[in-house]
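Notes for the structure review
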Amino acid sequence: MSHGKSNGKEYRCRGIVGGYAEGFALLSKEPINLLTIDSDGVVNDHTSMLYGMSISGAILIFPNAIGSSVGVYRLYALKVNNKAPSGIVCINTADIITASAAAISSIPLVDRVGDAIIGELVYGGADAEAMTNVDLRVTRVRVDAYAGIISIVDD
Amino acid sequence: MQLSRYEEEALDGKYGDTVALAYRVLVAIGNAIEADRLIDISWAHVSGVNYNTIGDAGLRFLEDISREGIKVKVKTTLNPMGYDRGRIEPIISDTFIERQERILDAYSRLGVTGIHSCTPYDRDVFPDIPPTGSQVSLAESNAAIYANSMLGLLTNKESAISALASAITGKAPYSNLRLQERRYAKVCIDVRYDIKDELDYGLLGYYAGKLNEECIALNGIEYDRLTSADTKALCSALGTSGSTGMFILKSIDAKERHPFDRSDAIKVKDELSDADDGDIIVFGSPQLGLDELSSIIDRLNGRRFKKRCMIFCARSVYSKASRLGYIDALEKANATVYSGCCSCLTPLISKASVDSVITNSVKAAYYLRSWNKVGVCMRSMRSIIDSESV
């Protein structure tokens, strides 16, 4: 699973659904309504920071899910079709929609990582506010959802 | 989270794979929301019925879990499906029908009651609502908020899968809004203009939901003036934009205050709508109740809609409305009343035939735009009827 070498930066978090995952970090500082994600993993909510971007294969980092109770099936369908995010990080406390989706889809899930990780994820700490509709997938991260550790990986 | 011996055994698979999966879901959630134990519930309402929302993966999942022959442990009701079984239109493909019916068969094998409604709190739809103070598990977001805020029932804002897991086990993690001491608001919205119709309540709900509070206070609204249409608009919009599971119509001691002015409402409306007009009119989501159907007829006062008007309601409401002559009156007014389905992720509205819709529902607006990819024009029901009928 692990390819790159850790650059030594680690963030403690809480493991909710166990597993290991590695991938490019895809960050939304705003919560996401999972029901607006289509079958290719693309976020179709025009009000979302990730509008038009695919969560497929990424480590999805966001505060928590909002909105529809059915969003859980969107993540599950992505998993069945091999298009799910590799892992999920809730910056806040994982919500019921995300926790149940990760549980039935066996997607590693951690939460309560805090805001400190955000600066690490985008162009050396550039302002994520200004980065809507650009590809944020520049930082690889590794999630150990058993131990509750997220590490930044150097390619 | 502490589990009883029975719950441990169930988690380990002693009572079958489906029950074990249900417990796995409840334990994951319980760990996330720091429940110390599971608590018995007396009613579950499950979403994830419309084939358009759950797709083939959801269909296979439901067929898998219903194969073992287990039944839900508590009375369990169901959200809307994808179309009206009594009015199947050419836009619904044979494949869609076949898969939708298989979804319903799977739920039926699990012992779920197919009320096909997103308004199970309406006694015309579901007369068997448990008494105030009961622990329940409601997935449909507007229903969970309505139950907590208006009926004094206790539920978290459940997901389709957590409510299904609760239906199968009869239990839910005892935390968050299930605890009396968590049912208070730390944040209050001070409404500073004269809110006058359901659209305003929807815009307020959408704004309030974005604050991402578990429970929020709304100050400046008179409980007595709140119609059922207003409340439904408020709950469904709150449920769309956030994770809020409950509102309180008092300010009390919430320290963090947010003003909500007319300019804030206009900002929300501008964010949600992108058209000045629409090809068709959509009433519902949530599905309309008898009172709302009747108020459309009253407001029309013999006039007819100039455009196709789609109205969504529950099947039981349709039957009652039919006996009362409402359906005839609405059809004469150029409206079509669909039952058992709703506008959310409906396959009945497609970009191929419709550029934009006019609706009074914030929830419908949000999903019609993000899912059906049609333009949206938002106006109140009164304004729609007055300007779109002759």
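Residues numbered from 1 in each chain as written. Chains lettered and ligands numbered in written order. Predicted model: local features only at pLDDT ≥ 70, side-chain atom pairs only at ≥ 80, totals over all residues.

Topic: the overall build of chain A
Each helix and strand counted, chain A has three helices and eight strands in total. Scanning chain A from its N terminus toward the C terminus, one meets helices and strands in the order β-β-β-β-α-β-α-β-α-β-β. Burial statistics for chain A: of 155 residues in total, 53% are counted as buried. Put simply, 72% of the contacts in chain A that link residues at least 6 apart link residues at least 24 apart. (Helix = DSSP H or I, 4+ residues; strand = E, 2+ residues; numbered from the N terminus. Buried ≥ 20, exposed ≤ 12 C-beta atoms within 10 Å, placed from the backbone. Contact = placed C-beta atoms within 7 Å.)

Side note on the overall build of chain B
What chain B contains, in helices and strands, is 14 helices and 14 strands. For chain B, whose C-alpha radius of gyration is 21 Å, the value lies close to the compact-globule estimate of 21 Å for 390 residues. Counting only C-alpha atoms and orienting by the principal axes, one finds that chain B spans roughly 65 × 55 × 35 Å. Counting across all 390 residues of chain B, residues that qualify as buried make up 56%. (Rg over C-alpha atoms; globule rule 2.2 N^0.38 Å.)

Details of the domain arrangement of chain B
Taken domain by domain, chain B comprises domain 1 (5-178), domain 2 (184-269) and domain 3 (274-388). Inter-centroid distance (C-alpha atoms) of domain 1 of chain B to domain 2 of chain B is 27 Å. (Domains from an automatic or database assignment.)

A closer look at the environment of Phe260 of chain B
Residues and elements named next belong to chain B. Looking at the element boundaries, Phe260 is found in strand β9 (residues 256-260). Given 22 C-beta atoms within a 10 Å radius, Phe260 is considered buried. For the pair Phe260 and Glu140, spaced 120 residues apart in the sequence, the C-alpha separation amounts to 26 Å. Beyond its immediate sequence surroundings of up to four residues, Phe260 is in contact with Ile189, Asp190, Val191, Arg192, Leu204 and Tyr207.

Some thoughts on the environment of Gly340 of chain B
All names here are of chain B. Checked against the element boundaries, Gly340 lands in the loop between β12 (335-339) and β13 (356-359). A residue is classified by how many C-beta atoms lie within 10 Å of it, and Gly340, with 25 of them, is buried. Expressed as a C-alpha distance, the spacing of Gly340 and Val390, which sit 50 residues apart in the sequence, is 29 Å. If near-sequence neighbours (up to four positions away) are discounted, Gly340 is found in contact with Pro80, Met81, Asp84, Arg85, His116, Ala314 and Arg315.

Some remarks on helix α2 (residues 96-105) of chain A
Of all ten residues in α2 of chain A, ten are buried, a share of seventy percent or more. The complete set of buried residues in α2 of chain A reads Ile96, Ile97, Thr98, Ala99, Ser100, Ala101, Ala102, Ala103, Ile104 and Ser105 of chain A. Contacts from the buried residues of α2 of chain A go to β2 (14-17), α1 (71-80), β5 (87-90) and β6 (109-111) of chain A together with α2 (17-32) and α6 (160-169) of chain B. Ser106 of chain A sits one or two positions beyond α2 of chain A and adopts a positive phi of about 50°.

With respect to the nonpolar core
In terms of nonpolar packing, the biggest core is built from 185 residues, with Val89 of chain A together with Ile311 of chain B touching the most fellow members. The biggest single contributor to this core is α2 of chain B, with ten residues. Ignoring anything within four residues of it in the chain, the contact list for Val89 of chain A reads Cys13, Ile59, Leu60, Ile61, Val110, Val113, Val143 and Ile150 of chain A. (Core = buried A, V, L, I, M, F, W, Y, C linked by C-beta atoms within 7 Å.)

Some remarks on the interface of chain A and chain B
Counting from both sides, the interface comprises 33 residues of chain A and, opposite them, 35 residues of chain B. Those elements that place two or more of their residues in the side of chain A that touches chain B are β2, α1 and α2 of chain A. If you tally residues by element for the side of chain A that touches chain B, the top one is α2 of chain A, at seven residues. Class assignment for the residues of the side of chain A that touches chain B results in 18 nonpolar, twelve polar and three charged. (Nonpolar A, V, L, I, M, F, W, Y, C, P; charged D, E, K, R; others polar.)

Regarding helix α13 (residues 362-370) of chain B
Residue and element names in this part refer to chain B. Extensive coverage of α13 is indicated by the burial of nine of its nine residues. Among all positions of α13, only Val362, Lys363, Ala364, Ala365, Tyr366, Tyr367, Leu368, Arg369 and Ser370 are buried. For α13, the secondary structure elements touched by its buried residues are α7 (198-209), α8 (228-241), α9 (262-272), β10 (280-288), β13 and β14 (375-378).

Side note on the pairing of β5 of chain A
Two faces, one strand: in a regular strand the side chains alternate between the faces of the sheet. Residues and elements named next belong to chain A. Judged by which residues are buried, β5 turns out to be covered on both faces: Gly87 and Val89 on one side and Ile88 and Cys90 on the other are all buried. Inspection of the sheet shows strand β4 (residues 59-62) paired to β5 by four bridges, in the parallel sense. Bridge pairing in β5 places Ile61 opposite Val89. Across three bridges, the pairing between β5 and β6 is parallel. (Pairing = 2+ DSSP bridges.)

Re the confidence of the model for chain B
Taken over all residues, the pLDDT of chain B has a mean of 96, while the share at 70 or more is 99%. The complex prediction reports pTM at 0.94, with the ipTM value standing at 0.91. (pLDDT = per-residue confidence, 0-100.)

As for the sheet that holds β14 of chain B
All names here are of chain B. Taken in spatial order, the five strands of this open sheet run β12-β11-β10-β13-β14, and their pairing is parallel. At either end of the open sheet lies a strand with only one pairing partner, and these are β12 and β14. For this sheet the average axis-to-axis angle between neighbouring strands, irrespective of direction, equals 25°. (Axes fitted to C-alpha atoms, helices over the stretch in contact; angles between N-to-C directions.)

Details of the sheet that holds strand β4 (residues 137-138) of chain B
Residues and elements named next belong to chain B. Pairing within the open sheet is parallel, and its three strands lie in the order β3-β2-β4. Sheet topology places β3 (75-78) and β4 at the edges, where each strand pairs with a single neighbour. The sheet contact formed by strand β2 (residues 43-46) and β4 spans two bridges and is parallel. Residue Ala44 lies in a different strand from β4, and its bridge partner there is Ser137. In the packing of α6 onto the sheet, contacts are made with β2, β3 and β4, and the angle to β2 comes to roughly 145°.

Side note on the pairing of β3 of chain B
All names here are of chain B. Relative to β3, β2 runs parallel, the two sharing four bridges. Across the sheet, Trp43 pairs through a bridge with Lys75, a residue of β3. This β-α-β element, β2 to helix α3 (residues 51-66) to β3, shows right-handed connectivity. (Right-handed = clockwise from strand over helix to strand, strands pointing away.)

As for the packing of α7 of chain B against α9 of chain B
All names here are of chain B. Contact pair α7 / α9: the axes reach a minimum separation of 9 Å and the direction vectors enclose 85°. On the basis of their axis angle, the class for α7 and α9 is roughly perpendicular. Seen from α7, the contacting residues are Asp200, Leu203, Leu204, Tyr206 and Tyr207; seen from α9, they are Asp264, Ala265, Val268 and Lys269. In terms of residue class, the contact of α7 with α9 is made up of six nonpolar, no polar and three charged. (Parallel < 35°, antiparallel > 145°, perpendicular 65-115°, else oblique.)

With respect to the packing of α7 of chain B against α8 of chain B
All names here are of chain B. The geometry of α7 relative to α8 is characterised by a closest axis approach of 7 Å and an angle of 25° between their N-to-C directions. Comparing the axis directions of α7 and α8 gives the class roughly parallel. For α7 against α8, the interelement crossing comes out right-handed. Mapping the contact onto sequence places Glu198, Tyr201, Gly202, Leu204, Gly205, Tyr206, Ala208 and Gly209 in α7 and Ala229, Asp230, Ala233, Leu234, Cys235, Ala237, Leu238, Thr240 and Ser241 in α8. When the residues that make up the contact of α7 with α8 are grouped by side-chain class, the tally is ten nonpolar, five polar and two charged. (Left-handed = near helix turned anticlockwise from the far one by under 90°.)

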